[in-house]
Amino acid sequence: MEPLVIGIDSSTSATKAVVIDAGGHVLATGRSRIEFFTPHMHQYEHDPRQWWSSTQEAVAQAVAQLSAQDRARVKAMGITHQRETFVALDERGEAIRPAILWLDSRAGEQINRLGSDAVHELSGKPADTTSALYKMAWLKEHEPQVFERAHLVVDVHAYVAHGLTGRWVSSTGSADTLNLFDIAAQTWSPTLLDMAGVRAEQMPELAKPGEVVGPLLPELAAQWGLEDVVVVAGLGDGQAAGLGTAATEPGVAYVNIGTSIVAGVHADEYRFSKQYRALVAGIPGWFVLESVQNSGSVLGNWFRREFNDPALEGAPDPKLEAAAAQVPAGCEGLLSLPYWNAVQAPYWDPFARGAVVGYGSGHTRAHAYRSLLEGMAFELALNLEGLARGGAAPVRELRAVGGGSRSALWRQIICDVTGVEIVRSEVEEASAQGAAALAFVGIGYYDDAAHAASAMAHLGERTTPDAKTHDRYRKWMGVHRKIFPALQDIFHDIQDVAVELGEL
């Protein structure tokens, strides 16, 4: 019988387990929440034990929905996960301190001091708040005992793989996101490890995406009613979404409108540019060129939680969406700079902050909400242009995933601002599907990741830009792009005063 695989996606807020067949059809799903903590301003942490407990719960939920016959068809598990997040472990595999998340921006000073063109070229990544390298350097300086005690320093992939197989193994497409890789050689860089304050022997083993890590532990197989299952190395959730949407052709990009907004294209050779970060792809020898902005649905959720109906607790509100849809494109001159969590491509400034410019007495809550959505779309347009300037083919189609892609209003705004068609993926968990595609490669069902991705993709609703609205947005975009250069020095002054007053 045709095999099934389980794609496991351990993200920032939850772990999802999806049982998928070779045609990309979902048979069962499971989900288990993960809490994150904010011990101080701009600091975000996890208890890594939840990475494993949520994986166990999500897989158990998914396989419980299968018949005995379908459980017998499950032959592999693939892993994808939140990128850049890491934890230091002692010899018993227990966390020495909470894991530090990709969203954490505590290491602004280390970014300014250690970031350089040389580090960028070596790693493929501009100096950025998401990078683990600079947060490790922060730990080296502020909590030196952590790495002195650490037996291992691992990413989410290695932690989950250990729970499943007993081996501390990460994928090259996962570990690379820590910014500790010589990306051309696709292995740990002594230079970057030293900068971070860790040693090569503290890092997990490496496997290539689609390579078998090992068999599922017998006790887990018995617990879940599975037999002869292997665990296959995956890759970070962004690259996995590229596979999950089959965005592997020139000019076709994936865009994950999730907690952050991430857009990327595949490239058959390594390039580096300040317009994007380069990552190891799931396709052997290929790379992903990716823009990122840490201001996606997390910003919309914030607005709805703080300024909308409190009973909804930040959940999407059809009434607010409908009101915002009636506001003219450009919000009658209300422009939002969506840098609530600093700015990544193309400015890479860890001290940038959000701003709203142009308020007048006629502006309403609907204007303010739409202005945030438009501001994030303006940033995406800037980043797509940057990908082309950095050597990628001009983007002609966006394949959208993530919670924000469910909003017809936001999809149309992005489409009209960028002038690029958007096709929404019908796959709810595109990153898990990308991991599943690699799992099918690992058991030999498909020859390569690109073939698997193409065979398993399911694309749905298409949104096309309106030419008149696009022209209108181009005028407002010209104004929007002047805001950050005008305010950058003020943002740094705010940082200096906050540090002086002990508020950071």
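Residues numbered from 1 in each chain as written. Predicted model: local features only at pLDDT ≥ 70, side-chain atom pairs only at ≥ 80, totals over all residues. Heavy atoms only, no water.

(A) Broad picture of the state of the cysteines. Per the counting criterion, the structure on display carries zero disulfides. Its sulfur unpaired, C415 is 17 Å from the next cysteine sulfur, which belongs to C331. (Disulfide = S-S within 2.5 Å.)

(B) Looking closely at the side chain of S54. Looking at the element boundaries, S54 is found in helix α1 (residues 49–64). For S54, a relative accessible area of 1% corresponds to the buried category. At 3.2 Å, the side chain of S54 and the backbone oxygen of W51 are in polar contact. Here S54 is in contact with T15, S32, R33 and I34, once residues within four sequence places are set aside. (Helix = DSSP H or I, 4+ residues; strand = E, 2+ residues; numbered from the N terminus. Buried < 20%, exposed > 50% of the residue type's maximum accessible area, 1.4 Å probe, protein only. Polar contact = N/O pair within 3.5 Å; in protein donor to acceptor, adjacent residues only side chain to side chain. Contact = heavy atoms within 4.5 Å.)

(C) Focus on the UniProt feature "domain: Carbohydrate kinase FGGY N-terminal" (unreviewed entry) in the protein chain. Mapped onto this numbering, the UniProt entry gives "domain: Carbohydrate kinase FGGY N-terminal" (unreviewed entry) at residues 5–244. For residues 5–244, the end-to-end C-alpha separation is 14 Å, with 37% helix and 27% strand making up the annotated structure. (UniProt positions renumbered as here; feature names shortened; annotations may be inferred.)

(D) Looking closely at the packing of α1 against helix α7 (residues 156–165). Close contact between α1 and α7 brings their axes to 9 Å; oriented N to C, the two are set at 50°. Our classification of the angle between α1 and α7 gives oblique. In the crossing of α1 with α7, the sense of the turn from one axis to the other is right-handed. In this structure, α1 contributes R49, W51, W52 and T55 to the contact, and α7 contributes V156, Y159, V160, G163 and L164. Among the residues making up the contact of α1 with α7, the classes are represented as six nonpolar, two polar and one charged. (Axes fitted to C-alpha atoms, helices over the stretch in contact; angles between N-to-C directions. Parallel < 35°, antiparallel > 145°, perpendicular 65-115°, else oblique. Left-handed = near helix turned anticlockwise from the far one by under 90°. Nonpolar A, V, L, I, M, F, W, Y, C, P; charged D, E, K, R; others polar.)

(E) Representation of the pairing of strand β16 (residues 252–257) within the structure. With six of its six residues buried, β16 lies for the most part within the structure. Burial of the side chains of β16 extends over both faces: V252, Y254 and N256 are buried on one face and A253, V255 and I257 on the other. Strand direction decides the pairing type here: β16 and strand β22 (residues 397–401), joined by five bridges, are parallel. Opposite N256, over in β22, you have V401 as the bridge partner. When β16 meets strand β17 (residues 261–267), the two strands line up antiparallel, connected through four bridges. Considered in β17, the bridge of V255 is made with A263. The turn joining β16 and β17, which pair antiparallel and follow one another in sequence, is formed by three residues. (Pairing = 2+ DSSP bridges.)

(F) Structural view of the nonpolar core. Membership of the largest hydrophobic core comes to 52 residues, with the highest contact counts inside it found for V255, L289, L380, L398, I414 and V417. At 11 residues, helix α14 (residues 365–389) tops the list of elements feeding residues into this core. Contacts of I414, omitting those with residues within four sequence positions, involve I257, A377, L380, L398, G419 and I422. Formed by 36 residues, the second largest nonpolar core is a distinct cluster that contains I8, A58, V74 and L152. (Core = buried A, V, L, I, M, F, W, Y, C linked by side-chain atoms within 4.5 Å.)

(G) Structural context of α7. For α7, a buried count of nine out of 10 residues is recorded, marking the element as mostly surrounded by other parts of the structure. V156, H157, A158, Y159, V160, A161, G163, L164 and T165 are the residues of α7 that are buried. Count one or two residues on from α7 and you reach G166, which has phi positive near 85°.

(H) Geometry of the packing of aromatic side chains. Applying the stated criterion across every chain, the model contains 17 aromatic pairs. Ring plane angle 35° and centroid distance 4.5 Å describe the contact between Y347 and F484, whose orientation is recorded as tilted. Of the two residues, Y347 sits in the loop between β20 (335–337) and β21 (355–357) while F484 sits in helix α19 (residues 483–500), which places them 137 residues apart along the sequence. Overall, Y347 belongs to the partly exposed group, its relative accessible area being 30%. With relative accessibility at 3%, the residue F484 sits in the buried group. Ring centres of Y445 and Y446 lie 5.0 Å apart, and the angle between their planes is 80°; this geometry places the pair in the edge-to-face category. An aromatic cluster is built from W302, F303, F307, W340 and Y369, whose rings are joined through pairwise contacts. Its end group placed over the ring of W138, R106 keeps NZ or CZ at 4.8 Å from the ring centre. (Phe/Tyr/Trp six-rings, centres within 6.5 Å; stacked < 30°, edge-to-face > 60°. Lys NZ or Arg CZ within 6 Å of the ring centre and 35° of its normal.)

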